[in-house]
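# What the coordinates show
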Protein chains: 2
Amino acid sequence: MTEPLPQGATIGILGGGQLGRMLAVAAARLGYRSHVYEPAPDCPASHVAARTTTAPYEDAAALARFAASVDVVTYEFENVPAEALDAIEARVPIRPNRRALAVSQDRLSEKEFLSGLGLPTAPFAPVATAGELAAALAEIGMPAILKTRRLGYDGKGQARIAGPRDTEPAFTAMAGAPAILEGFVEFSREISVIAARGLSGEVAAYDPGENLHEGGILRTTRVPAELPPEHRTAAVLMAGRILNALDYVGVIGVELFVTRHGLVVNEFAPRVHNSGHWTQNGCAIDQFEQHIRAIAGWPLGDGSRYADVTMENLIGDDIARLPAIAREPGASIHLYGKAEARAGRKMGHVNRAMPRR
Amino acid sequence: MTEPLPQGATIGILGGGQLGRMLAVAAARLGYRSHVYEPAPDCPASHVAARTTTAPYEDAAALARFAASVDVVTYEFENVPAEALDAIEARVPIRPNRRALAVSQDRLSEKEFLSGLGLPTAPFAPVATAGELAAALAEIGMPAILKTRRLGYDGKGQARIAGPRDTEPAFTAMAGAPAILEGFVEFSREISVIAARGLSGEVAAYDPGENLHEGGILRTTRVPAELPPEHRTAAVLMAGRILNALDYVGVIGVELFVTRHGLVVNEFAPRVHNSGHWTQNGCAIDQFEQHIRAIAGWPLGDGSRYADVTMENLIGDDIARLPAIAREPGASIHLYGKAEARAGRKMGHVNRAMPRR
């Protein structure tokens, strides 16, 4: 057994958005301070952190000072530049580790890693040139989706290829960035598993949630997912294999498709995940605390589900519905402290819980 | 209907202990910033507040700056000096209002207020001199408890008088401070009601909890309390009468004794209350958010209880039991970020929840 970080230790968090904000609150609940590192001023996490550094990820001196002031570093997003991590890792552990980050930062590495573990994924092929795209399409077929290998999220950096006339625009849309072609997976549902691995190697998973996307953005997550028990077990085991293979420490979000032929892994995020927000009002220990427990060397907490929950993201103007939501019995509101409601911007979420059926 | 405070507004909190800390977290959850005012450096609330002022309550200039930077002021303790409130109230509303504070700051005013409402209290009499003490004892009888009228908490500033030989030491223990003699109430249980009143006058109450004290400090609160239904209703109605009589806005904690002759009001605290911490893991909206909702002009939230909960305070060395508690299923830990574990110091609490029977 490793000793947990002592009371009063400081958790460094790269990224100051809503995930960093909710991680900082969970850290406080376990007696830790948070130091948030974020390029943008007045970020949501800064409102609940003991300390905030506002500096770009290219500022080596600021990163070194940040690393020297904390006991462990974690992150709320997977696109942290590698150079920033180099500066930090020389001084303090990064959890989850760099391999998890590297694998998930690149859709091709991610798919190769997953299929290397024997987990079912969509068919895929790397695409750097128009010729490679033609060859990949010949192999995988249409419809297919061309995606940049890096830096895509919420549906950005993606182009669907339904027929031959989509090919050239799709390739052009990648703007020369290395890409990956993925075969289209016919699925009935999208689910995700939020799982965790502790410093001592123990693994825990929350009940899978069922996700509904709109315009590439998560709209709702519902637990329990409509899922036969064997799929539930399979999903959790898949998440466990990913965690163990990466010698992972922290919470992971694994997205899966439910198909006629079983589960297919879509992707994973090496961090707390929007589809795990329901745990705040459905479990004794939510995903944010579970993550802090893991990276701080605590035993993992009880993630068993006591309620049926639907999490709804409040996106852009959804925030105008607050007065009505505030009156709903069983509705718990979680806002992110963002000043301006822009279209597509996640402003908060609401968890609607009722006793387990 | 009043418009609620807009997103991004700032809640001023007087006092930076654990109650202020948990209020600040709740404020953030509703999209507000917190500005904490606290004389002691590195206070627990400062770790989760957007801003902290470290200054004494006698610093009029600091108080004026604080008041000018916030949209509403609340407090985590009832002994805020009146002069500090004067400086603030000239600029910004204080919720709960000053009358609630004034009444509860003085045990004599409090008892007079309660009995003026027709609520049953222990027999009481003011004691300023040894002669008044003798007269009061003659009227009320023994055993009785002599208490300073102001500034007592967690059993401090109190002396029990069981027989004639206790009289002089008890009077001496008051050190010349104005006091109140209270008759001893023979009770089978101590309960408390956490209730709230919104800006528009609506009232809500949580299920009464049953409290166990040790050495004058709250040890555990358990919901549901072992209480016949009529007592449950009576307790909630009493809290409602207090709230309405004070034109109160915010959360109140009302402590009651269960006696053979019915309920007796012991005292109330014009703030969130240690005996309401169980709501964090038993209700969709906990007492901290309920308080922020009330003072920010939101509708009150759903405080119905979904679990049976026992809240245990972690006092002083109790913190050493953390590793074992961290492994308990259903146990939610809440730590206050206090560096040093001193005897009698509240370091955190743990809520143990299980499905409602």
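Throughout what follows, the structure given in this document is the object of discussion. If you're wondering where the values come from, they're calculated on a predicted model, not measured in any experiment. (Residues numbered from 1 in each chain as written. Chains lettered and ligands numbered in written order. Predicted model: local features only at pLDDT ≥ 70, side-chain atom pairs only at ≥ 80, totals over all residues. Heavy atoms only, no water.)

## Here's the deal with the pattern of salt bridges
Residues and elements named next belong to chain B. Evaluation of the coordinates by the stated rule reveals 48 salt bridges over all chains. Between Glu210 and Arg189 there is a salt bridge, with its nearest N and O atoms 2.6 Å apart. Residue Glu210 is located in strand 11 (residues 209–214), and its partner Arg189 is located in strand 9 (residues 189–197); the two are separated by 21 residues in the primary sequence. Look at Glu210 and you get buried, because its relative accessible area is 11%. Taking the shortest distance from any N to any O, the salt bridge between Glu312 and Arg352 comes out at 2.9 Å. Here Arg352 lies in strand 17 (residues 346–355) and Glu312 lies in strand 15 (residues 307–315), a separation of 40 residues in the sequence. (Salt bridge = Lys/Arg side-chain N within 4 Å of Asp/Glu carboxyl O. Helix = DSSP H or I, 4+ residues; strand = E, 2+ residues; numbered from the N terminus. Buried < 20%, exposed > 50% of the residue type's maximum accessible area, 1.4 Å probe, protein only.)

## Let's talk about the relation of the copies chain B and chain A
It takes a turn of 180° to lay chain B on chain A, together with a shift of 0.0 Å along the axis; the resulting RMSD is 0.1 Å. Accordingly, the operation relating the two chain copies is best matched by a two-fold axis. Minimal C-alpha separation from the rotation axis in chain B is found for B:Val48, amounting to 2.0 Å. The overlap is high: 100% of the interface residues of chain B also sit at the interface in chain A, so the same surface is used on both sides. (Least-squares fit on C-alpha atoms with pLDDT ≥ 70 in both. Contact = heavy atoms within 4.5 Å.)

## Section: the nonpolar core
Counting 106 residues, the largest nonpolar core has A:Tyr32 and B:Tyr32 as its most contacted members. Setting aside its immediate chain neighbours within four residues, A:Tyr32 contacts A:Leu5, A:Pro6, A:Gln7, A:Gly8, A:Ala9, A:Ile11, A:Ala27, A:Ile292, A:Ala296 and A:Trp298. (Core = buried A, V, L, I, M, F, W, Y, C linked by side-chain atoms within 4.5 Å.)

## What to know about the pairing of strand 14 (residues 262–269) of chain A
All names here are of chain A. Taking burial as the measure, the eight residues of strand 14 include seven buried ones, the bulk of the element. As paired strands, strand 13 (residues 250–259) and strand 14 are joined by seven bridges and run antiparallel to one another. Opposite Val254, over in strand 14, you have Phe268 as the bridge partner. (Pairing = 2+ DSSP bridges.)

## Comments concerning the interface of chain B and chain A
Across the boundary between the two partners, chain B contributes 35 residues, which contact 35 residues of chain A. Of all residues in chain B, B:Arg29, B:Arg33 and B:His47 give up the largest surface area on contact with chain A, accounting jointly for 16% of the area buried on that side. Joining chain B to chain A, the criterion identifies two salt bridges. Note that B:Asp42 and A:Arg33 form a salt bridge whose closest N and O atoms lie 2.7 Å from each other. Of all elements in the fold, only helix 1 (18–29), helix 9 (287–295) and strand 16 (331–335) of chain B reach the threshold of two or more residues within the side of chain B that touches chain A. Among the elements that make up the side of chain B that touches chain A, the one with the highest residue count is strand 16 of chain B (five residues). Of the residues assigned to the side of chain B that touches chain A, the class counts are 19 nonpolar, eight polar and eight charged. (Buried area = accessible area lost by both parts, 1.4 Å probe. Nonpolar A, V, L, I, M, F, W, Y, C, P; charged D, E, K, R; others polar.)

## Notes on the environment of B:Glu78
All names here are of chain B. Of note, Glu78 is situated in the loop between strand 4 (72–75) and helix 3 (82–89). Among the residues examined, Glu78 registers a relative accessible area of 15% and is labelled buried. Along the sequence, Glu78 and Ser104 sit 26 residues apart, while their C-alpha atoms lie 7.0 Å from each other. Setting aside residues no more than four positions away along its own chain, Glu78 makes contact with Leu101, Ser104, Gln105, Ala269, Pro270 and Arg271. Only 2.6 Å separates the side chain of Glu78 from the side chain of Arg271, close enough to count as a polar contact. (Polar contact = N/O pair within 3.5 Å; in protein donor to acceptor, adjacent residues only side chain to side chain.)

## Re the packing of helix 4 (residues 98–105) of chain B against helix 5 (residues 107–116) of chain B
The angle between the axes and the distance between the axes are what describe a pair of packed helices. Residues and elements named next belong to chain B. For the pair helix 4 and helix 5, the least separation of the axes is 5 Å and the interaxial angle reads 110°. Viewed along their axes, helix 4 and helix 5 adopt a mutual orientation that is roughly perpendicular. For the pair helix 4 and helix 5, the contacting residues are Arg99, Ala102, Val103, Ser104 and Gln105 in the first and Arg107, Ser109, Glu110 and Phe113 in the second. For the contact of helix 4 with helix 5, the residue count by class is three nonpolar, three polar and three charged. (Axes fitted to C-alpha atoms, helices over the stretch in contact; angles between N-to-C directions. Parallel < 35°, antiparallel > 145°, perpendicular 65-115°, else oblique.)

## Looking at unusual backbone geometry
Residue A:Pro224 is bonded to the preceding A:Val223 through a cis peptide linkage, with omega at 0°. For A:Pro224, the location among the structural elements is in the loop between strand 12 (217–223) and helix 8 (229–245).

## Looking at the sheet that holds strand 5 (residues 124–127) of chain A
Through backbone hydrogen bonds, the strands of a sheet pair up, either in parallel or in antiparallel fashion. Residues and elements named next belong to chain A. In space, the four strands of this open sheet follow the order 5-8-6-7, with antiparallel pairing throughout. Of all strands in the sheet, those bounded by a partner on one side alone are strand 5 and strand 7 (158–161). Taking the axes of each pair of neighbouring strands and ignoring which way they run, one obtains an average angle of 25° across the sheet. Of the pairings in the sheet, the one linking strand 5 to strand 8 (residues 179–183) comprises four bridges and is antiparallel in character. Its bridge partner being in strand 8, Val127 is matched across the sheet by Ala179.

## Description of the environment of B:Tyr206
Residues and elements named next belong to chain B. For Tyr206, the location among the structural elements is in the loop between strand 10 (203–205) and strand 11. According to the relative accessible area criterion, Tyr206 is buried, its value standing at 3%. Setting aside anything within four residues of it in sequence, one finds Tyr206 in contact with Val193, Ile194, Val236, Trp278, Thr279, Cys283, Ile285, Asp286, Gln287, Gln290 and Gly303. At 2.7 Å, the side chain of Tyr206 and the backbone oxygen of Ile285 are in polar contact. Of note is the side chain of Tyr206, whose polar atom sits 3.0 Å from the backbone oxygen of Asp286.

## Remarks on the side chain of B:Asn274
All names here are of chain B. Among the secondary structure elements, Asn274 is positioned in the loop between strand 14 (262–269) and helix 9. A polar side-chain atom of Asn274 sits 2.8 Å from a polar atom in the side chain of Lys346. Apart from the residues lying within four places of it in its own chain, the contact partners of Asn274 are Leu218, Met311, Asn313 and Lys346.

## Structural notes on the state of the cysteines
Scanning the entire structure with this criterion turns up zero disulfides over all chains. Here A:Cys283 is not cross-linked by a disulfide; its sulfur's nearest cysteine counterpart is in B:Cys283, at 17 Å. (Disulfide = S-S within 2.5 Å.)

## Brief notes about helix 6 (residues 130–140) of chain B
Side chains of residues three or four places apart in an α-helix project in the same direction, reflecting 3.6 residues per turn. Residue and element names in this part refer to chain B. For helix 6, the full list of buried residues reads Leu133, Ala136, Leu137 and Ile140. Buried residues along helix 6 cover an arc of 100° about the axis, so they all sit on one side. Away from its buried face, by an angle of more than 90 degrees, helix 6 presents the exposed residues Ala138 and Glu139. Those residues of helix 6 that are buried lie in contact with strand 5 (124–127), strand 6 (144–148), strand 7 (158–161), helix 7 (167–173) and strand 8 (179–183). Among the residues trailing helix 6, Gly141 stands out with phi positive, at a value near 85°. (Arc of directions from axis to C-beta.)

## Topic: the pairing of strand 1 (residues 10–14) of chain B
Here strand 1 of chain B lies mainly inside the structure; five of its five residues are buried. Covered by surrounding structure in strand 1 of chain B are B:Thr10, B:Gly12 and B:Leu14 together with B:Ile11 and B:Ile13, the residues of both alternating faces.

## Remarks on the packing of aromatic side chains
For the structure on display, the rule yields 13 aromatic pairs over all chains. Judged by centre distance (6.1 Å) and plane angle (80°), the rings of B:Tyr206 and B:Trp278 are edge-to-face. Taken as a pair, B:Tyr206 in the loop between strand 10 and strand 11 and B:Trp278 in the loop between strand 14 and helix 9 lie far apart in primary sequence, 72 residues in all. For the residue pair B:Tyr206 and B:Trp278, the accessibility class agrees, reading buried in each case. Members of the aromatic cluster, each reached through a chain of ring pairs, are A:Tyr37, A:Tyr57, A:Phe66 and A:Phe77. A cation sits over an aromatic face here: B:Arg160 above B:Phe184, 4.8 Å from the ring centre. (Phe/Tyr/Trp six-rings, centres within 6.5 Å; stacked < 30°, edge-to-face > 60°. Lys NZ or Arg CZ within 6 Å of the ring centre and 35° of its normal.)

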